[in-house]
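Chain by chain, the residues run as shown.
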Amino acid sequence: MKTAIRKNERVLNLLAYLLRSRRPVTFDRIRADVDGYNDADTAAATVARRFERDKDTLRAVGIDLLYVDDEATGILGYSIPKPAAYMGDIELSEREVRLLMVLAAFAGAKSSALVDNLASACQKLLAQSALADAPYGVVSRHLVYPAKAAADGALSSNLQALAEAVENRRRVTFTYYSIHRDASSQRQVEPYGLKFFRAEWYLVGRCLEKSEMRIFRLDRVKDRARFVTGAGAEYDIPRDFSIDDYVGRSPWELSRKKAFTATVEFDEIGAWLVEEARPAGLTLRRTKGGAAGKGRVRNETAFFKWLVGIGVHARLTSPEDAAARFVEFVRSLERQCAG
Amino acid sequence: MRRLSDNRSHHLRRTLNLVSFLANHPGVPVRTVCDVFALSTGQFMRAINEILMFGLPPYGPMDYVTAWVENGRVTVVNAPFLAKPLGLTVAEAVSLKVIVEDFISQSPGVFEDAAASLSRKIAALLGTTGARPAPHAAPSRKIAAIERGLDENRPVRISYYNRAQDALSERTVEPLGIVDLEGIWYLVAFCRLRRAERAFRMDRIREAQVLDGTFEPRGRFDIGRYRKDEMFFPSGRETTVRVRFGPESARWARERYAKWIAAAAEDGGVICDFQVADMAWISDVAVEFAPDARIEGPPEAVRAFRRRMAAVLDLYA
């Protein structure tokens, strides 16, 4: 462990030294000044190799280490641009601090690239936030466990890569398993957004093979997503794009069939359950004994299944022919689904 | 397998973050530091020792970081140029953003308010547009009551919807923790009615009210026990229910219920034996995959399913 500690100590010394320097510094100056490089007993070539490795380490933690001209002398040297190297001003509320503490604690427990980055982000933000009012026991009593995102597997590394792709507008390619077609194929996608819904992660983007918007479930991406480079690999995300138009829709909205308006009467419990579940595409109006719901239905079977799930707390009131079909549907379930 | 250089940079990054965290929070409890950095006490002491070795030229006695730990609190001074935290890298910012945004629009929105505002702030740092506005600016009354009970060790009266019995019941609980497991929030509490630790789905708590007085936590509560992939603690009283999925739904059933598969069916379907505590749940499974799924037995499961359907049909009689 001793060498690892010494290495860290040396890199910290180098970093602080470069952050302090107002002008670019040459390797010779670093060799003369900084602890860890300035031992006269070590061969120059060894120190130079050490310095190369340490530069890589600094860059790996996201430090923008430049090799630039000193404007005054014209001599090339190393420099870290300031104040860009530091965190910008960001004021956090007590509730945000609470959330960050819970996330930081979770993040440390398991390790994946995504989780390590998450932990580091929380630690940096918490470093410059007032903790005075944060309940110190909060972490031992809160647990956030997005198991899929945390596991050190393809899904979490793809989540990190795709989030960066969305941010940087980078085209990606991966092998995707379509469960409907029961076949895998290579896809090129311009990622527009990511969303977690009902315990699954989804990527929405323009699929170049189909030249259409597509929704991908991340656990069906069968390999590591890779960035596509080269000309034309950049794209823009339309300003009016909203991921909620694609992921999080209610199943009865998802069809190309003609829509009809259904109204449903909910009793007190039904109204509350639906309010809690917040299904998309259903508006609720509170009534005396519960609520009246109204929704545009394209996929009737999906709507019927949803209604059955609410049991005796929901009654389809119109249109009448749909209510009659619903009764038939429940009778068919009774016959087909048990016994 | 992670590459060695990744390990090194991970370690360095944590050390850097630790220096700025400590330099900005003199006298912070060691326990908080261990929480935020996921360190054991031993690891924490090693990290402090490491920090003490760092300084600036000319490396005189005054040029090194100083740190002391007393009464369970730690103070670090004289860490020039490393006290202010370094900026978020794009990778850090997007990982935080993607995880935080998964709290938004989750029911019942335990951290929704903080997640929405935080997401906007990170987006501003990244120079992009943020998440959708939060539907609620503050946590709901129910969540506020539960969090208060948790923070202050106060009993909470809840009205809880039991889906198996399809009924609400009142009970008093002693809140122990809040757990988010793949998007579903649970209140873990000692239930005075059942005299046992229970996990309550927070979206099924209809109302919560903080009661007067405080409670002494019973024994040591370990939230780590809930660090698992699903909230299923078999009691031994579960019923094994067999469901046959037809060839049309077999692929979805295999994907979702891999651990329950008992056999492949001759027609290309799949047979699953579920350990079921709640017949309502297995009815939902059958309905979701209808008409390509069938509860085969035992008879009580079949009867429970038919009863549910009959009750719905009664509404239209």
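Computed from a predicted structure; not experimentally measured.

1. Considerations on the overall build of chain A
Looking only at helices and strands, chain A features 10 helices and 12 strands. Taken over the C-alpha atoms alone, chain A extends approximately 90 × 50 × 45 Å along its principal axes. The buried share among the 339 residues of chain A stands at 39%. Here the contacts in chain A between residues at least 6 apart in sequence split such that 61% fall between residues at least 24 apart.

2. What to know about the overall build of chain B
Along its length, chain B carries nine helices and 12 strands. The C-alpha radius of gyration computed for chain B amounts to 26 Å, which surpasses the reference 20 Å derived for 317 residues by more than 25%, pointing to a less compact arrangement than a globule. Expressed along its principal axes, the backbone C-alpha trace of chain B runs to roughly 90 × 55 × 40 Å. Going through the 317 residues of chain B one by one, you find that 39% of them count as buried. Restricting to contacts in chain B with at least 6 residues of sequence separation, those with at least 24 account for 52%.

3. What to know about helix α7 (residues 154–168) of chain A
All names here are of chain A. Under the 1.5 Å per step criterion, the end-to-end length of α7 is 21 Å for 15 residues, consistent within 8% with the ideal 21 Å. Burial runs high along α7: 11 of the 15 residues are buried. Once α7 finishes, Arg 169 follows within two positions and takes phi at roughly 55 degrees, a positive value.

4. A few points about the environment of Val287(B)
Following the sequence through the fold, Val287(B) ends up in helix α8 (residues 279–289). Ignoring anything within four residues of it in the chain, the contact list for Val287(B) reads Lys305(A), Val308(A), Gly309(A), Leu333(A) and Cys337(A).

5. Considerations on the pairing of strand β9 (residues 239–245) of chain B
Residues and elements named next belong to chain B. Alignment of β9 against strand β11 (residues 270–276), held across seven bridges, turns out to be antiparallel. Its bridge partner being in β11, Val 241 is matched across the sheet by Phe 274. Of the pairings in the sheet, the one linking β9 to strand β12 (residues 293–297) comprises four bridges and is antiparallel in character. Among the inter-strand pairings, Arg 242 is bridged to a residue of β12, identified as Gly 297.

6. Section: unusual backbone geometry
Residue Pro83(A) is reached from Lys82(A) by a cis peptide bond, and omega for that bond is 5 degrees. Of note, the amide linkage connecting Gly297(B) to Pro298(B) takes the cis form, showing an omega dihedral of 5 degrees. Mapping Pro298(B) onto the fold places it in the loop between β12 and α9 (299–314). At Arg198(A), a residue that is not glycine, the phi angle is positive and equals roughly 45 degrees. Looking at where Arg198(A) falls in the secondary structure, it is placed in the loop between β5 (183–197) and β6 (200–207). Note on Arg198(A): 11 C-beta atoms within 10 Å, which makes it exposed.

7. Topic: the sheet that holds β9(B)
Residue and element names in this part refer to chain B. The four strands are arranged β10-β11-β9-β12 in an open sheet whose pairing can be described as antiparallel. Looking at strand neighbours, the two that pair on one side only are β10 (261–264) and β12, the edges of this open sheet. Taken pair by pair, the neighbouring strands of this sheet meet at an average axis angle of 25 degrees, ignoring direction. As paired elements, β10 and β11 share three bridges and run antiparallel to each other. Residue pairing in the sheet places Ala 264 in a bridge with Val 270 of β11. Helix-sheet contacts for α9 involve β9 and β12, and the interaxial angle to β12 is about 135 degrees.

8. Brief notes about the confidence of the model for chain B
This prediction gives chain B a mean pLDDT of 88; 93% of its residues lie at or above 70. Note on residues 1–5 of chain B: pLDDT is under 50 here. Beyond four places in sequence and across chains, it has three contacts.

9. Topic: the domain arrangement of chain A
Domain parsing of chain A yields domain 1 (2–79), domain 2 (94–150), domain 3 (169–245) and domain 4 (251–336). Here the C-alpha centroids of domain 1 of chain A and domain 3 of chain A sit 41 Å apart.

10. Notes on the domain arrangement of chain B
Here the domain parsing of chain B yields domain 1 (4–77), domain 2 (141–226) and domain 3 (239–314). Here the C-alpha centre of domain 3 of chain B lies 31 Å away from the C-alpha centre of domain 2 of chain B.

11. Overview of the nonpolar core
One finds Leu103(A), Cys122(A), Leu126(A) and Leu162(A) to be the most contacted residues of the largest nonpolar core, which totals 124 residues. In this structure Leu162(A) touches Val172(A), Pro191(A), Leu194(A), Leu203(A) and Ala225(A), once residues within four positions along its chain are discounted. Of all hydrophobic cores here, the second largest spans 45 residues; its members include Phe304(A), Phe326(A), Val241(B) and Ala286(B).

12. Examining the interface of chain B and chain A
Each partner contributes residues to the interface: chain B has 101 residues there, and chain A has 95 residues. Take the side of chain B that touches chain A: its biggest share by element is 13 residues, from helix α1 (residues 4–24) of chain B. For the side of chain B that touches chain A, the per-class residue count stands at 57 nonpolar, 19 polar and 25 charged. Sheet topology places strand β3 (residues 142–145) of chain A next to strand β5 (residues 167–181) of chain B; four bridges connect them, and they run parallel. If you follow Tyr145(A) over to β5(B), its bridge partner there is Leu181(B).

13. Here's the deal with the sheet that holds strand β2 (residues 66–70) of chain B
Adjacent strands of a sheet pair through backbone hydrogen bonds, lying either parallel or antiparallel. All names here are of chain B. Taken together, the three strands give an open sheet; going across it, the order is β1-β3-β2, and neighbouring strands pair in antiparallel fashion. The sheet is open, and its two edges are formed by β1 (28–29) and β2, each paired on a single side. In terms of strand pairing, β1 meets strand β3 (residues 73–77) through two bridges, oriented antiparallel. Bridging across to β3, Pro 29 finds its partner in Arg 73.

14. Here's the deal with the packing of helix α9 (residues 300–310) of chain A against α8(B)
Packing of α9(A) against α8(B) brings their axes to within 9 Å, and their N-to-C directions diverge by 170 degrees. The pairing of α9(A) with α8(B) is recorded here as roughly antiparallel in orientation. Within the contact between the two elements, α9(A) uses Lys305(A), Val308(A) and Gly309(A) and α8(B) uses Asp284(B), Val287(B) and Glu288(B). Class assignment of the residues belonging to the contact of α9(A) with α8(B) gives a composition of two nonpolar, one polar and three charged.

15. Observations concerning helix α4 (residues 90–101) of chain B
Helix length check: α4(B) (12 residues) gives 16 Å between terminal C-alpha atoms against 16 Å at 1.5 Å per residue, within 8%. Counted residue by residue, α4(B) has 11 buried out of 12 residues, so it is predominantly covered.

16. A few points about the environment of Gly55(B)
Among the structural elements, Gly55(B) can be located in the loop between α3 (41–52) and β2. What makes Gly55(B) buried here is the crowd of 22 C-beta atoms within 10 Å. In this structure, the C-alpha to C-alpha distance between Gly55(B) and Pro80(B), residues 25 residues apart in sequence, is 8.8 Å. Dropping the residues within four chain positions of it, Gly55(B) is found in contact with Asn13(A), Asp35(A), Asp63(B), Tyr64(B) and Val65(B).

17. Focus on the packing of helix α5 (residues 113–127) of chain A against α4(B)
At a minimum axis separation of 8 Å, α5(A) and α4(B) run at an interaxial angle of 95 degrees. Considering their axes alone, α5(A) and α4(B) lie roughly perpendicular with respect to each other. Taken together, the residues of α4(B) that come into contact with α5(A) (itself represented by Leu114(A), Asn117(A), Leu118(A), Ser120(A), Ala121(A) and Cys122(A)) are Ala91(B), Glu92(B), Ala93(B), Ser95(B), Leu96(B) and Ile99(B). A per-class count over the contact of α5(A) with α4(B) returns eight nonpolar, three polar and one charged.

What counts, and where the lines are drawn
- Residues numbered from 1 in each chain as written.
- Chains lettered and ligands numbered in written order.
- Predicted model: local features only at pLDDT ≥ 70, side-chain atom pairs only at ≥ 80, totals over all residues.
- Helix = DSSP H or I, 4+ residues; strand = E, 2+ residues; numbered from the N terminus.
- Buried ≥ 20, exposed ≤ 12 C-beta atoms within 10 Å, placed from the backbone.
- Contact = placed C-beta atoms within 7 Å.
- Rg over C-alpha atoms; globule rule 2.2 N^0.38 Å.
- Expected span 1.5 Å × (residues − 1).
- Pairing = 2+ DSSP bridges.
- Axes fitted to C-alpha atoms, helices over the stretch in contact; angles between N-to-C directions.
- pLDDT = per-residue confidence, 0-100.
- Domains from an automatic or database assignment.
- Core = buried A, V, L, I, M, F, W, Y, C linked by C-beta atoms within 7 Å.
- Nonpolar A, V, L, I, M, F, W, Y, C, P; charged D, E, K, R; others polar.
- Parallel < 35°, antiparallel > 145°, perpendicular 65-115°, else oblique.

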